[in-house]
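One-letter residues, chain by chain:
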Amino acid sequence: MKTTALLLLAVSFISQVRAADEYKIDPAHTSLTFSVRHMGISNVKGHFDDFTGTVVMDAGAVKEIKGTVKVKSVNTGVEKRDAHLKTADFFDVEKFPEMTFTTKNSKTEDNHTVFVANFTLRGVTKEVTVPIKVSGPVKDPEGKTRIGLQANASLNRKDYGIKFNAALESGAALVGEEVTIEINAEAVKVEPAKTK
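Residues numbered from 1 in each chain as written. Predicted model: local features only at pLDDT ≥ 70, side-chain atom pairs only at ≥ 80, totals over all residues. Heavy atoms only, no water.

Novice: Where do I start with unusual backbone geometry in this structure?
Specialist: Residues other than glycine predominantly adopt negative phi, and peptide bonds predominantly adopt the trans conformation. For the bond from Gly136 to Pro137, the omega torsion is 10 degrees, close enough to zero to count as cis. Along the polypeptide, Pro137 turns up in strand E9 (residues 124-139). A positive phi angle, near 60 degrees, is found at Met39, a position not held by glycine. With a phi close to 55 degrees, Arg122 is a non-glycine residue in the positive phi region. A relative accessible area of 17% means that Arg122 is categorised as buried. (Helix = DSSP H or I, 4+ residues; strand = E, 2+ residues; numbered from the N terminus. Buried < 20%, exposed > 50% of the residue type's maximum accessible area, 1.4 Å probe, protein only.)

Novice: What exactly am I supposed to notice about the pattern of salt bridges here?
Specialist: Proximity of charged atoms lets side chains of opposite charge pair with each other. This structure, assessed with the given rule, holds 8 salt bridges. In this structure, Arg146 engages Asp26 in a salt bridge whose closest nitrogen and oxygen atoms are separated by 2.9 Å. Taken as a pair, Arg146 in strand E10 (residues 145-156) and Asp26 in the loop between strand E1 (20-25) and strand E2 (31-38) lie far apart in primary sequence, 120 residues in all. Across this residue pair, the class does not change: Arg146 and Asp26 are buried. Beyond isolated ion pairs, a larger network of salt bridges with shared partners links Asp26, Asp140, Arg146 and Glu186. (Salt bridge = Lys/Arg side-chain N within 4 Å of Asp/Glu carboxyl O.)

Novice: Is there a simple way to explain the nonpolar core in this structure?
Specialist: For soluble globular proteins, nonpolar side chains are generally found buried alongside one another. Membership of the largest hydrophobic core comes to 36 residues, with the highest contact counts inside it found for Phe48, Val55, Ile65 and Phe91. For Val55, the contacting residues outside a window of four places in its chain are Asp21, Glu22, Tyr23, Ile25, Val62, Glu64, Ile65, Ile147, Leu149 and Ala187. (Core = buried A, V, L, I, M, F, W, Y, C linked by side-chain atoms within 4.5 Å. Contact = heavy atoms within 4.5 Å.)

Novice: So what exactly am I meant to see when it comes to the environment of Val93 here?
Specialist: With respect to the secondary-structure elements, Val93 resides in the loop between helix H2 (79-85) and strand E7 (98-109). Expressed as a C-alpha distance, the spacing of Val93 and Lys72, which sit 21 residues apart in the sequence, is 5.9 Å. Discounting residues that sit within four places of it in the chain, Val93 has contacts with Val71, Lys72 and Lys86.

What follows is the structure, given as structure tokens:
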């Protein structure tokens, strides 16, 4: 009887594990962009080109998101500015090559899932709250299952040790402290390997 009970428990556990689906971020259909105020008169925008991520879904809901960004892939379209952003004045990519995002828990509000996550930038980890809208799943033309994720957030760069700035005659700062972030992503379901 004990053996049967243990087998049933094991089968139940395995089925629960299998119920969770893993998705991998598709870089070709994902953008990670940011915007910062410049001299108080305009917004300078940029993006990151090198990133990876996974999404775990269970019973149709996102349970976990993990992402890693190679900070040296920062791209604002101006080579000189990008080179400056990679220095110790800003990202210090030699010392801190990656920024990461890992969810801790979540709750549903309207049609958004609000995640509490640990966000690490320049060696500093802080807890952030980010609403994420999930679309799908849908089948693409190749028969793969995809989901979409959309998120908007903001942070103060000084909270992460990025303090470079200069005051202008107008009283405005050369570089704004608040950074707005927009993520539009697609993720593809990882299918189990076929056995021969």
